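Given next are the chains, with one letter for each unit.
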Amino acid sequence: MPHQPEKFMRRAIELSRQKMEENHGGPFGAVIVKNGSIIGEGWNMVTSSADPTAHAEVTAIRAACKSLGDFKLEGCEIYTSCEPCPMCLAAIYWARLDKIYYANTRKDAAAIGFDDDFLYHEITLPEAERKLPIQRMLAGEAKTVFDSWTKKTDKTLY
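Keep in mind that what you see is a predicted model, and the values were worked out from it rather than measured.

**Quick look at the side chain of Glu57**
Then comes step 1: Secondary-structure assignment places Glu57 in helix α3 (residues 56–68).
Then comes step 2: The buried charged residue Glu57 lacks any salt bridge partner; its closest oppositely charged side chain belongs to Arg62, at an N-O distance of 11 Å.
Then comes step 3: At 2.9 Å, the side chain of Glu57 and the side chain of Thr80 are in polar contact.
Then comes step 4: Apart from residues no more than four positions distant in its own chain, Glu57 is found in contact with Ala30, Ile78, Thr80, Cys82, Pro84, Cys88 and Ile92.

**Observations concerning α3**
Then comes step 1: In this model α3 runs 18 Å from its N-terminal to its C-terminal C-alpha over 13 residues, within 8% of the 18 Å that 1.5 Å per residue would give.
Then comes step 2: Buried within α3 we find Ala56, Glu57, Val58, Thr59, Ala60, Ile61, Ala64 and Cys65.
Then comes step 3: Buried residues in α3 make contact with β1 (29–34), β2 (37–43), β3 (76–82) and α4 (86–95).
Then comes step 4: Where α3 terminates, the next one or two residues include Gly69, which has phi positive at roughly 70°.

**Concerning a nonpolar patch on the surface**
Then comes step 1: Taken together, the side chains of Phe71, Trp149, Leu157 and Tyr158 present a nonpolar region at the surface, about 490 Å² in accessible area.
Then comes step 2: Here Trp149 falls in the partly exposed class, since its relative accessible area comes to 36%.

**Points about the packing of aromatic side chains**
Two numbers describe a pair of aromatic rings. These are the distance of the centres and the angle of the planes.
Then comes step 1: Overall, the coordinates contain four aromatic pairs when judged by the stated rule.
Then comes step 2: Ring geometry for Phe8 versus Tyr79: centroids 5.4 Å apart, planes at 50°, classification tilted. Note that Phe8 is positioned in helix α1 (residues 5–21) and Tyr79 in strand β3, a separation of 71 residues in sequence. For the pair Phe8 and Tyr79, one class covers both residues: buried.
Then comes step 3: Ring centres of Phe28 and Phe114 lie 4.9 Å apart, and the angle between their planes is 90°; this geometry places the pair in the edge-to-face category. Within this pair, whereas Phe28 is found in the loop between α1 and β1, its partner Phe114 is found in the loop between α5 (106–111) and α6 (116–122), the two being separated by 86 residues in sequence.
Then comes step 4: On the accessibility criterion, Phe28 (13% relative accessible area) is buried.
Then comes step 5: By relative accessible area, Phe114 is classed as partly exposed at 31%.
Then comes step 6: Cluster of aromatic residues (ring-pair linked, three or more members): Phe8, Tyr79 and Tyr101.

**Observations regarding the layout of surface pockets**
Then comes step 1: Taken as a whole, the largest pocket holds about 190 Å³ of empty space.
Then comes step 2: As for the largest pocket, its lining consists of 13 residues, and the residues nearest its centre are Phe28, His55, Cys85, Phe114 and Asp116.
Then comes step 3: Here the lining of the largest pocket is composed, by residue class, of seven nonpolar, two polar and four charged.

**Here's the deal with the sheet that holds β2**
Each strand in a sheet pairs with its neighbour through backbone hydrogen bonds, running either in the same direction (parallel) or in the opposite one (antiparallel).
Then comes step 1: Spatial strand order, β2-β1-β3-β4: four strands in an open sheet with mixed pairing. One side of each edge strand has no neighbouring strand; the edge strands of this open sheet are β2 and β4 (99–104). On average, each strand axis in the sheet is tilted by 15° relative to the strand beside it, whichever way the strands run.
Then comes step 2: Relative to β3, β1 runs antiparallel, the two sharing five bridges.

What counts as what
- Residues numbered from 1 in each chain as written.
- Predicted model: local features only at pLDDT ≥ 70, side-chain atom pairs only at ≥ 80, totals over all residues.
- Heavy atoms only, no water.
- Helix = DSSP H or I, 4+ residues; strand = E, 2+ residues; numbered from the N terminus.
- Buried < 20%, exposed > 50% of the residue type's maximum accessible area, 1.4 Å probe, protein only.
- Lys, Arg positive; Asp, Glu negative; His and termini not counted.
- Salt bridge = Lys/Arg side-chain N within 4 Å of Asp/Glu carboxyl O.
- Polar contact = N/O pair within 3.5 Å; in protein donor to acceptor, adjacent residues only side chain to side chain.
- Contact = heavy atoms within 4.5 Å.
- Expected span 1.5 Å × (residues − 1).
- Patch = residues over 30% accessible without salt bridge, like charges linked within 9 Å, V, L, I, M, F, W, Y side chains within 5 Å.
- Areas by Shrake-Rupley, 256 points an atom, 1.4 Å probe, with all protein chains shown as cover.
- Phe/Tyr/Trp six-rings, centres within 6.5 Å; stacked < 30°, edge-to-face > 60°.
- 1 Å grid on protein atoms, 1.4 Å probe; cavity = no way out; pocket = protein on both sides within 12 Å on 5 of 7 lines; lining within 4 Å.
- Points joined across faces, edges and corners; volume = space filled by probe spheres on them.
- Nonpolar A, V, L, I, M, F, W, Y, C, P; charged D, E, K, R; others polar.
- Pairing = 2+ DSSP bridges.
- Axes fitted to C-alpha atoms, helices over the stretch in contact; angles between N-to-C directions.

This is the structure we're talking about:
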């Protein structure tokens, strides 16, 4: 099947509009494609599901993983109506997608009140300079669990 990136991006944009108008959340949509077929669709459901992680890309990843029965999306591409925020970008990397296509930029999102640029900047700062206080504690106790993981013989690596 010929590669049809515009078709898939239009579907992501359509989802962003439709689900925004239905008050599911912000104006964001995403689709995941494998071998020329959509295997997962997602849209922003932050407000409708009371879940701050329910961004379009994350919900599309969840749908695609469920469709394939796997946590890896190698061989897949994501089409998203907006440049992914840092959380979504990390999720895309963790899911091992092959390529990202996006329409609106993070600057476009900032112009309508979704300031992902703040997060992009924040993660580059040393911990002590970030707006959100962060403190390490009980490292020794937590390390024992990591040590157990290294010895576990029936683990699934990811």
